[in-house]
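# Chains, contacts and geometry: an overview
Spelled out from the first residue to the last, the chains are:
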Amino acid sequence: MLEKVYSPSDVERRWNDFWTERGVFTADAEADAPSYTIILPPPNVTGKLTIGHCLGTTVQDILIRWKKIRGCNVLWLPGTDHAGIATQNVVERSLAERGLSRGELGREAFLEECWRWKELYHGRIVQQLGRLGVALDWSREAFTLDEGVSRAVREVFVRLHEKGLVYRGDYIVNWCPSCGTAISDEEVEFVDTHGSLYYVAYPFADGGGELVVGTTRPETMLGDVAVAVSPLNERAAELAGRLLRLPLTDREIPVILDEAVDPEFGTGCLKVTPAHDTTDFEIGRRHDLDPVVVIGRDGRMNDRAGKYAGLDVFEARRRIVAALDEAGLLRRIDNYDHSVGHHDRCGAVVEPAISMQWFLRMASLAAPGIDAAVAGDVGFFPERWKNIYLSWMENIRDWCISRQLWWGHRIPVWYCGCGETIVSAIEPVACPACGSGALRQDEDVLDTWFSSWLWTFSPLGWPEQTKDLDVFHPTDVLVTGGDIIFFWVARMIMASLEFLGEIPFSTVYITGIVRDAKGRKMSKSLGNSPDPIDIIDEYGADALRFTLMMLSPPGQDLLFDEAKVETGRHFANKIWNAARFVLGREESAGPGSGPVGEAGAALLGDEKTGPVVFGWEDRWIASRLVDTWRAVDDRLERFRFDEAIRLLHDFFWHEFCDWYLEMAKPALREGGERAAGAVAAARFVLGGSMVLLYPFMPFITEEIWRMLAPGRPALSEGTIGLPAGELVDENLDLDVGLFKEIVTTIRNLRQGCNVPPASAVDVILNCEPGSGMAGRLARFEPQIRHLARVAEIETTEGAGKPAGSVAAGLAGLEIYLPLDGVVDLAEERARLKKELEKLGVECDKIAVRLDDGRFVQRAPAEVVARERERFEEMSDRRGRLERILEDIG
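Our subject in this report is the structure included herewith. Since the model is a prediction, treat every value here as computed from it, not as a measurement.

### Digging into the overall build of the chain
- Each helix and strand in the chain was counted, giving 28 helices and 29 strands.
- For 889 residues, the compact-globule estimate of 2.2 N^0.38 gives 29 Å, and the C-alpha radius of gyration of the chain, at 36 Å, exceeds that figure by more than 25%.
- Over its C-alpha atoms, taken along the principal directions, the chain stretches across nearly 115 × 70 × 55 Å.
- Buried positions account for 53% of the 889 residues belonging to the chain.
- In the chain, once contacts between residues fewer than 6 apart in sequence are set aside, the share between residues at least 24 apart is 76%.
- Side-chain charges in the chain split into 99 positive and 138 negative, and the spacing between the mean points of these groups amounts to 4 Å.

### Considering the nonpolar core
- Ranked by size, the top nonpolar core spans 143 residues in total, and within it L63, F560, F656, Y660, F739, I742 and I784 carry the most contacts.
- In terms of residue count, helix α20 (residues 641–670) provides more of this core than any other element does, 14 residues in total.
- Among residues more than four places away in sequence, those in contact with Y660 are E617, D618, W620, I621, E655, A678, A681 and A682.
- Counting residues in each nonpolar core, the second largest holds 63 residues, with A372, F380, V413 and M494 among its members.

### Thoughts on the pattern of salt bridges
- Tallied over the entire structure, the rule returns 59 salt bridges.
- In this structure, E498 engages K163 in a salt bridge whose closest nitrogen and oxygen atoms are separated by 2.8 Å. One end of the pair, E498, is in helix α14 (residues 485–499); the other, K163, is in the loop between α6 (147–162) and β5 (166–176), and 335 residues separate them in sequence.
- One continuous salt-bridge network, built from bridges that share partners, spans D634, R635, R638, R640, D642 and E643.

### Remarks on helix α11 (residues 384–394)
- Listed as buried for α11 are W385, Y389, L390, W392 and M393. Taken around the axis of α11, the buried residues stretch over an arc of 165 degrees, which confines them to a single face. Of the exposed residues in α11, the ones pointing more than 90 degrees away from its buried face are N387 and E394.

### So, the layout of surface pockets
- In this structure, the second largest pocket occupies an estimated 450 Å³ of space.
- In terms of lining residues, the second largest pocket is bounded by 19 residues, among which R154, G408, H409, R410 and Q441 are the most central.
- Counting residues per element, the ones that place at least two in the lining of the second largest pocket are α5 (107–132) and α6.
- Tallying contributions element by element places α5 first for the lining of the second largest pocket, with four residues.
- Residue classes in the lining of the second largest pocket are distributed as nine nonpolar, four polar and six charged.

### As for the side chain of T745
- Take T745: it is sitting in helix α23 (residues 730–752).
- Given the relative accessible area of 12%, T745 is considered buried.
- Residue contacts for T745: discarding those within four places in its chain leaves A808, L810 and I815.

### Brief notes about the packing of α11 against α14
- As a packed pair, α11 and α14 sit with axes 11 Å apart at the nearest point and diverge in direction by 80 degrees. Taken together, the axes of α11 and α14 lie roughly perpendicular to each other. Residues W385, I388, Y389, W392 and M393 of α11 touch α14, and the partners they reach there are I485, F486, A490, R491, I493 and M494.
- Residues that form the contact of α11 with α14 fall into these classes: 10 nonpolar, no polar and one charged.

### Regarding the sheet that holds strand β15 (residues 379–381)
- Strand order in the open sheet formed by three strands is β15-β23-β22, and the pairing between neighbours is parallel. The open sheet terminates on both sides in strands that have one partner only, identified here as β15 and β22 (477–481). For this sheet, the mean inter-axis angle between neighbouring strands, taken without regard to orientation, is 20 degrees.
- As defined by bridge partners, β15 adjoins strand β23 (residues 507–511) across three bridges and the pair is classed as parallel. Its bridge partner lying in β23, F380 is registered against V508.

### Thoughts on the sheet that holds strand β26 (residues 761–767)
- With mixed pairing, four strands are arranged side by side in an open sheet as β27-β26-β29-β28. Of all strands in the sheet, those bounded by a partner on one side alone are β27 (790–797) and β28 (805–810). The mean inter-strand angle of the sheet, taken between neighbouring strand axes irrespective of direction, is 20 degrees.
- The sheet contacts of helix α25 (residues 781–788) involve β26 and β27, and relative to β27 the element is tilted by about 135 degrees.

### Examining the packing of helix α1 (residues 8–22) against helix α22 (residues 698–708)
- Orientation of α1 relative to α22, taken along the N-to-C sense of each, is 85 degrees, at an axis distance of 9 Å. Judged by the inter-axis angle, α1 sits roughly perpendicular to α22. Residues V11, E12, R14, W15, N16 and W19 of α1 form the contact with α22, whose participating residues are P698, F699, I700, E702, E703 and R706.

### Remarks on the pairing of strand β8 (residues 210–215)
- Two strands pair when backbone bridges link them, and strand β7 (residues 188–203) and β8 are joined in this way by six bridges, in the antiparallel orientation. The residue bridging Y199 from the neighbouring strand is G214, located in β8.
- Hairpin remark: β7 followed by β8, antiparallel, with six residues in the connecting loop; positive phi at G207, about 80 degrees.

### Things to note about empty space enclosed by the protein
- The full count for this structure, using the stated rule, is two cavities of 30 Å³ or more.
- The volume enclosed by the largest cavity comes to roughly 70 Å³.
- Forming the boundary of the largest cavity are 13 residues, of which Y509, T511, G512, S552 and P553 lie nearest the centre.
- Every element with two or more residues in the lining of the largest cavity is listed here: α2 (51–69) and β23.

### Some points on the environment of T745
- Note: C-alpha distance between T745 and D303 (442 residues apart in sequence) is 87 Å.
- There is a polar contact of 2.7 Å between the side chain of T745 and the backbone oxygen of E741.

### A few points about α6
- With 16 residues, α6 should reach 22 Å at 1.5 Å per residue; the first-to-last C-alpha distance of 22 Å fits that figure.
- Taken together, the buried positions of α6 are V149, S150, A152, V153, V156, F157, V158 and L160.
- Count one or two residues on from α6 and you reach G164, which has phi positive near 80 degrees.

### Thoughts on the packing of aromatic side chains
- Summed over all chains, the structure comprises 35 aromatic pairs.
- Between the aromatic rings of F457 and W462, the centroid separation amounts to 5.3 Å while the plane-to-plane angle is 75 degrees, which identifies the pairing as edge-to-face. Of the two residues, F457 and W462, both sit in the buried class.
- Relative to F641, the ring of F639 lies with its centre 6.4 Å away and its plane at 50 degrees, an arrangement referred to as tilted. A single burial state applies to F639 and to F641, both of which are buried.
- Members of the aromatic cluster, each reached through a chain of ring pairs, are F546, F571, F652, W653, F656 and Y660.

### A look at unusual backbone geometry
- The amide bond that connects F381 to the next residue, P382, takes the cis arrangement and shows omega of 0 degrees.
- In this structure, P474 follows H473 across a cis peptide bond, with omega equal to 5 degrees.
- One can find P474 in the loop between α13 (467–472) and β22.
- Look at L248: it is not a glycine, yet its phi comes out positive at around 70 degrees.
- Looking at the secondary structure, you find L248 in the loop between β10 (243–245) and β11 (252–257).
- A relative accessible area of 35% places L248 in the partly exposed class.
- If you check the backbone angles, D288 has positive phi at about 55 degrees while not being a glycine.
- Mapping D288 onto the fold places it in the loop between α8 (278–286) and α9 (313–326).

### Things to note about the environment of L244
- Here L244 shows up in strand β10.
- Setting aside its immediate chain neighbours within four residues, L244 contacts Y202, P203, F204, A205, L211, V227, R251, E252, I253 and V255.

### Concerning the side chain of S230
- Here S230 shows up in the loop between β9 (226–229) and α7 (236–239).
- The buried category is assigned to S230, whose relative accessible area is 3%.
- At 3.0 Å, the side chain of S230 and the backbone nitrogen of L232 are in polar contact.
- S230 has contacts with A236, L257, D258, V261, P263 and G268, leaving out every residue within four places of it along the chain.

Thresholds, definitions, all that
- Residues numbered from 1 in each chain as written.
- Predicted model: local features only at pLDDT ≥ 70, side-chain atom pairs only at ≥ 80, totals over all residues.
- Heavy atoms only, no water.
- Helix = DSSP H or I, 4+ residues; strand = E, 2+ residues; numbered from the N terminus.
- Rg over C-alpha atoms; globule rule 2.2 N^0.38 Å.
- Buried < 20%, exposed > 50% of the residue type's maximum accessible area, 1.4 Å probe, protein only.
- Contact = heavy atoms within 4.5 Å.
- Lys, Arg positive; Asp, Glu negative; His and termini not counted.
- Charge placed at Lys NZ, Arg CZ, Asp CG, Glu CD.
- Core = buried A, V, L, I, M, F, W, Y, C linked by side-chain atoms within 4.5 Å.
- Salt bridge = Lys/Arg side-chain N within 4 Å of Asp/Glu carboxyl O.
- Arc of directions from axis to C-beta.
- 1 Å grid on protein atoms, 1.4 Å probe; cavity = no way out; pocket = protein on both sides within 12 Å on 5 of 7 lines; lining within 4 Å.
- Points joined across faces, edges and corners; volume = space filled by probe spheres on them.
- Nonpolar A, V, L, I, M, F, W, Y, C, P; charged D, E, K, R; others polar.
- Axes fitted to C-alpha atoms, helices over the stretch in contact; angles between N-to-C directions.
- Parallel < 35°, antiparallel > 145°, perpendicular 65-115°, else oblique.
- Pairing = 2+ DSSP bridges.
- Polar contact = N/O pair within 3.5 Å; in protein donor to acceptor, adjacent residues only side chain to side chain.
- Expected span 1.5 Å × (residues − 1).
- Phe/Tyr/Trp six-rings, centres within 6.5 Å; stacked < 30°, edge-to-face > 60°.

Structure representation (structure tokens):
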């Protein structure tokens, strides 16, 4: 027997150990079954499990467990990412606390520190994933700096270089002064910022007037090399070629004409600072202007900035504005809101800077990826992400792939003193041009995403044509967040098409963003991001998984409140208690013959030990199980996880527990063949329910299945198909639907008339003449008596309502509940009038509040919604009581 109280921690520990020790989720490349593969988006090796991780990981786990129990050869490939910038930052901070720097340590010693850090923290994220319950194949776990993956990275770099797609040069890039490295366009997060637009006068060198330029960054004017105006400017011909005195310097700069200038913005004049602005860099190249760098890599003004050298840009801005004002060159300052680029990792303001970097030409790589999405070879769910993907791919820019870090894949390029550059996947021993062995490797490393974009195939052994690669690639579904659709998803599609000639996955499922109950994105700074492990400790992993799926309709953000996990805990307890009830019944006979019994025997492996009799309620719940099974499979095929779990919740809690188990109690009390039939049906449906719930709630279902079917493999080890279709009885389902309406209506009438719960009442079922309904209802009479506390049932056709009765109507049927002798009618009328008066006063108060425009506009939306809901509930009850009062005169 199951323990009396469900203890998630004990069950979770036991089954995690079972899955690990048995290697249950170790994929078999030799298996004779269709493969189904998912790659886990590799979390940062220094990372920590978040609710967002839990959401995506649970979706993947559901898919893997569902496909495995349906007979697929599944592989869910785990791995972690070296996370170049993030890891180097935390290691450098750790060193600083010890009074050290990476420069003092040197490259090799610093990398040893990084590897120690990786070993220290790698286990944390792995253990946290295990607490959630994951069907990952840990035997194939990969790390982005593993030797096999590193080999693939070098091979890809060399092949792309040989095709002329990798190049090196001085270009303007996004520079993070805090991290000390270039970053890609996709790593820049633009933040709306309240700032100022400064209008500065640039006097003509010949003393003949001035041009006024608007700028948000006056500190960069020290690096101006020209002022540009549009060729459409009415003074263009007059201004072109004239010289201006650059304020606060002794330099003169020309006026040039360029179509990049918007004649409608500001004064129509644009200061050109090629070293510190992307647009200006392109203008400078078109006009052969030498850039002047005045901001250093550390984000401070350099020696070219004169007396402002050493200042950070914000202090320099303040002083330069003051100097311009003192010189009489500051014309005005306007408030100006604009977007400022910040590094999405550290939050520092990004500086455009000219730097020698490695780049990858992307246009030719993007073209096949565009075709694959347009043709539907790669599908996006929700579909709107397809257009977002295509928009980026069609306007793709070259990728800056080098980073000024030490932790990562070092660029496989060596330089010789003779001027030779060697690009090789294997470290060369000598220069092929001069034979010298004194080679210097490029100092930079590759962008972290340069290893991640190979992630569907590099851990499977590429560039070797391994068995794993042959069996498990392409993968099936990629589950990830929309925030990395450009960093990772698009690039993986391009890489797989380029190097394997096939798509990396057929479907991209984009999860929503996890927000708190107020709609705010969860973050450490807001303190609104709970620790999932604390939640699991409190409620259990199954409860958290259930809640995440209930709250996550596809394409929408998830509003998470820890209190909602209580719903998941209640459901787990309901499952446990129902299982204890079913497993505690004496089974005097086996499952017996007939579809229900045979299906139960096939599922649970029960032996046929004697005759049984199945009632209509047994056949009905078996029909509902199979119908639910089909519906859940359909929802999972369409990635409607929220609908699937709601179907399962409603079936198990309401149809199986609330209705069937209650209806089965008379048969169980009766004993003999009917009791055996009820027990066999209940065991079959409980078992089928565990199969369906298993992908969502693997721990509790494994535990119950172990007790229910001890001779069968664990759910995680077996293959179970859909039960036979002949169990579905649509006509019976319709009749039982009417039966449930009748029972619910009688219960409501009893409650509305204050009939004591222990009092049995008589009921008249008045059917529409000639409908044949009386015959359909006959078999349900014992159950109506049992579930609605009914003494006698009289079935009539076309009869009128007896005096002193209350009535309710259903389609083709009226239900009369005679109250004479059951309740004191005079007393009941008085009670109903009093309750109606009280309800009327309360309804009127709420109505006045809701009619007050100021309340509706100013009160929190959830308060207004709650008041509307209260009003609707009270109005409905008010109407029902009025009808009852009218019935009883």
